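Each chain, written out:
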Amino acid sequence: MSEPRRPRWEPEDWRQQLERIREMRRNRDAPVDEMGVQKCYDSSAPPQVMRYQVLLALMLSSQTKDQVTSAAMLRLRQRGLTVDSILQMDDATLGQIIYPVGFWRNKVKYIKQTTAILKQKYGGDIPRTVEELVQLPGVGPKMAYLAMNIAWDSVSGIAVDTHVHRISNRLKWVKKETKYPEETRVALEDWLPRDLWREINWLLVGFGQQTCLPVNPRCSECLNQDICPAAKRH
């Protein structure tokens, strides 16, 4: 009988910290809940169109507030958002519709390039693997993991954005400080039980939008203030 595999390392109070974050997120009233990518696509569209809309919403969401992404997606959907409609649209029109998302000029270019690839190579659908998704122009790892999760209902890794990255470091959920989201993803996946991988992005993004803010976190309102290594105890 081989010994059961012990986790190499896990953060000290992570279960308690997680439970308290769940408690703080119970109302589901953060921007990500009301206007996040999972709320941006047309759930009555054919599955292939729905998956394309999920990918597009993820591409638009990079360095952009949920409210702005949501509004841009609504404007696109009002014109009928499909692979063919985007390919037929000229760049100037697409730019006007998605403005003011962050880096909108680049995103026009990436959206057109990626959509053409989807049409040529994937029959108008989106790829089924993270490896193929990150090959698409304008699609990074975080988007790929979220696309797998939302579009394909498949958990292949943890989606780490700026909130997940920041909070993981503040709670010391990484063995040593990480500089980049991809490092954080690898560090989290090393110890966090796989059945929590889907939930953790949603939990921490909302927590980061409402309580554990990038600047001046609201530690006095946080249920973890007594067990958080980064808490400002006033």
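The rules behind each value
Residues numbered from 1 in each chain as written. Predicted model: local features only at pLDDT ≥ 70, side-chain atom pairs only at ≥ 80, totals over all residues. Heavy atoms only, no water. Salt bridge = Lys/Arg side-chain N within 4 Å of Asp/Glu carboxyl O. Helix = DSSP H or I, 4+ residues; strand = E, 2+ residues; numbered from the N terminus. Contact = heavy atoms within 4.5 Å. Buried < 20%, exposed > 50% of the residue type's maximum accessible area, 1.4 Å probe, protein only. 1 Å grid on protein atoms, 1.4 Å probe; cavity = no way out; pocket = protein on both sides within 12 Å on 5 of 7 lines; lining within 4 Å. Points joined across faces, edges and corners; volume = space filled by probe spheres on them. Nonpolar A, V, L, I, M, F, W, Y, C, P; charged D, E, K, R; others polar. Expected span 1.5 Å × (residues − 1). Arc of directions from axis to C-beta. Core = buried A, V, L, I, M, F, W, Y, C linked by side-chain atoms within 4.5 Å. Axes fitted to C-alpha atoms, helices over the stretch in contact; angles between N-to-C directions. Parallel < 35°, antiparallel > 145°, perpendicular 65-115°, else oblique. Left-handed = near helix turned anticlockwise from the far one by under 90°.

### Some words on the pattern of salt bridges
Opposite charge on two side chains makes pairing possible when the charged atoms of those side chains draw close. Taken as a whole and judged by the stated rule, the model has 12 salt bridges. Across the pair K119 and D84 runs a salt bridge whose closest N-O atoms are separated by 2.9 Å. Taken together, the positions of K119 in helix α7 (residues 104-121) and D84 in helix α5 (residues 83-88) put the pair 35 residues apart, joining distant regions of the chain. One network of salt bridges, in which partners are shared, links E19, R22 and E199.

### A short note on the environment of L213
With respect to the helices and strands, L213 occurs in the segment after α12 (197-210). Considered as a pair, L213 and R166 are 47 residues apart in the sequence and their alpha carbons are 9.1 Å apart. For L213, the residues in contact, after removing those within four places along its chain, are R166, R170, G208 and R218.

### What about unusual backbone geometry?
Omega for the peptide link from Y99 to P100 comes to 10°, which places this bond in the cis form. Note that P100 resides in the loop between α6 (91-98) and α7. The phi angle at R28 is positive, at roughly 50°, despite the residue not being glycine. On the secondary structure map, R28 appears in the loop between α1 (14-24) and α2 (31-35). The class for R28 is exposed, based on a relative accessible area of 53%. Phi angles above zero are rare outside glycine, and N216 is one such case at about 55°.

### Points about the layout of surface pockets
There is about 970 Å³ of room inside the largest pocket. Elements supplying a minimum of two residues to the lining of the largest pocket: α2, α3 (47-61), α4 (66-78), α9 (141-152), α10 (162-170), α11 (181-191) and α12. Of the residues belonging to the lining of the largest pocket, the class tally is 21 nonpolar, 15 polar and 7 charged. Considering only enclosed or pocket space, the second largest pocket measures out at about 170 Å³ in volume.

### A look at α4
Here α4 contains 13 residues, and its C-alpha end-to-end distance of 18 Å stays within 8% of the 18 Å for a straight helix at 1.5 Å per residue. If you check which residues of α4 are buried, you get D66, T69, A72, M73 and L76. The arc that holds the buried residues of α4, viewed along the axis, is 130°, so those residues lie on one side. Among the residues trailing α4, G80 stands out with phi positive, at a value near 80°.

### Some remarks on the nonpolar core
The nonpolar side chains of soluble globular proteins are, as a tendency, buried together. Among the nonpolar cores identified, the biggest contains 40 residues, and L55, L76, I86 and L133 are the most heavily contacted of them. If we skip the residues at most four places from it in the chain, L55 touches T114, L118, I126, L133, L136, V139 and A147. Within the second largest apolar cluster, 27 residues are counted, among which are A30, L171, L204 and C212.

### Overview of the packing of α10 against α11
Packing of α10 against α11 leaves a shortest axis separation of 9 Å and a crossing angle of 60°. As summarised for this structure, α10 and α11 are arranged oblique, according to the angle between their axes. Note on packing geometry: the crossing formed by α10 with α11 is left-handed. Of α11, the residues touching α10 (which contributes V164, H165, S168 and N169) are P181, T184 and L188. When grouped by side-chain class, the residues that make up the contact of α10 with α11 number 3 nonpolar, 4 polar and no charged.

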